[in-house]
Amino acid sequence: MPKIALTQVGPRVCRGRLLAVGMAAVAAVTLAGCNGSDGDLDVPKPSASLPTSLPTSLPSGLPTSLPTSLPTAIPTALPTSLPGVGRVDTATGAEALRGTNIPPDFPIPPGATVKVGTTAGSRSTFTMEGVDSDAARAFYRQALPAAGYEITRDVGVAGIASSIEFRGKGVTGTIGAAGVGSANAIAVVFQKQ
């Protein structure tokens, strides 16, 4: 490294020049290391040979087909016992209307499809779909009194949801209907008195 004479100018100017010369030397060394050679850096070089094709066969031992024998008889009622609740019976379709606490002549709106029902102790529930909340509310406002039930509460928001509470024939119940567009659902809960 060259020597710099510091005697001809004041100490303040000399320190500034010395700092500038030192920074220039560091920059020169740094740039020299980046001048196309790898220097001390370990830079991986790309592999010259890459695969040109993929395997065309599967490893042996893998299944090549799906099972052809599937169960054909699906149960419509599934009894279950839950701790603290006791026996819970679940049924699908029309069987759901045969819950222990559901009066046999309970009215169903035209166009509604009964989906699932459960009974646990003195409470039975079933669900329906296929009728919007406004149509269900209008139907039950007329059908419940005609079938011997008293409506004890009737609330709702048109086009969104409704709830009707009723009593009669040894049960109290609630009909909850909700849905927007084609996603409509009705749930009916019965409680044995």
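Reading the values: the criteria
Residues numbered from 1 in each chain as written. Predicted model: local features only at pLDDT ≥ 70, side-chain atom pairs only at ≥ 80, totals over all residues. Heavy atoms only, no water. Helix = DSSP H or I, 4+ residues; strand = E, 2+ residues; numbered from the N terminus. Buried < 20%, exposed > 50% of the residue type's maximum accessible area, 1.4 Å probe, protein only. Areas by Shrake-Rupley, 256 points an atom, 1.4 Å probe, with all protein chains shown as cover. Salt bridge = Lys/Arg side-chain N within 4 Å of Asp/Glu carboxyl O. Core = buried A, V, L, I, M, F, W, Y, C linked by side-chain atoms within 4.5 Å. 1 Å grid on protein atoms, 1.4 Å probe; cavity = no way out; pocket = protein on both sides within 12 Å on 5 of 7 lines; lining within 4 Å. Points joined across faces, edges and corners; volume = space filled by probe spheres on them. Nonpolar A, V, L, I, M, F, W, Y, C, P; charged D, E, K, R; others polar. Patch = residues over 30% accessible without salt bridge, like charges linked within 9 Å, V, L, I, M, F, W, Y side chains within 5 Å.

The next thing to look at is the overall build of the protein chain. Of the regular secondary structure elements, the protein chain holds two helices and eight strands. Listing each helix as α and each strand as β along the protein chain from the N terminus yields α-β-β-β-β-α-β-β-β-β. Considering the protein chain as a whole, with its 193 residues, one finds that 20% of them fall into the buried category. For the protein chain, the accessible surface area stands at approximately 13,800 Å², while carbon and sulfur atoms represent 61% of it.

A word on unusual backbone geometry. With a phi angle near 55 degrees, Lys169 is a residue other than glycine that sits in the positive phi range. Inspection of the secondary structure puts Lys169 in the loop between strand S6 (161–168) and strand S7 (171–180). Given the relative accessible area of 41%, Lys169 is considered partly exposed.

With that settled, the discussion passes to the pattern of salt bridges. Taken as a whole, this structure holds six salt bridges when the rule is applied. Notably, a salt bridge pairs Lys115 with Glu129, separated by 3.8 Å at the nearest N-O pair. Taken together, the residues Lys115 in strand S3 (residues 113–120) and Glu129 in strand S4 (residues 123–129) connect sequence positions 14 residues apart. Accessibility expressed as a relative area gives 35% for Lys115, which makes it partly exposed. The network of salt bridges with common partners includes Arg137, Arg141 and Asp154.

Before going further, it helps to examine the nonpolar core. Grouped together as the largest cluster of nonpolar side chains are 20 residues, with contacts concentrated most on Phe106, Phe126, Phe166 and Val188. Sorting the residues of this core by element identifies S4, helix H2 (133–146), S6, S7 and strand S8 (183–192) as the ones contributing at least two each.

Under the criterion given, the structure shown has one cavity of 30 Å³ or more. Taken as a whole, the largest cavity holds about 30 Å³ of empty space. Broken down by secondary-structure element, the contributors of at least two residues to the lining of the largest cavity are H2, S6 and S7. A breakdown of the residues in the lining of the largest cavity according to their chemical character gives five nonpolar, three polar and one charged.

Glancing now at the layout of surface pockets. When its volume is computed, the largest pocket comes out at roughly 160 Å³. Every residue lining the largest pocket is counted, 15 residues in all, and those nearest its centre are Asp89, Ala91, Glu95, Arg98 and Gly99. Sorting the residues of the lining of the largest pocket by element identifies strand S2 (86–92), S3 and S4 as the ones contributing at least two each. A per-class count over the lining of the largest pocket returns four nonpolar, eight polar and three charged.

On to a nonpolar patch on the surface. On the surface, a cluster of nonpolar side chains totalling about 280 Å² of accessible area is made up of Val157, Ile160 and Val180. Within the element layout of this structure, Ile160 appears in the loop between strand S5 (150–157) and S6. Overall, the relative accessible area of 46% leaves Ile160 in the partly exposed class.

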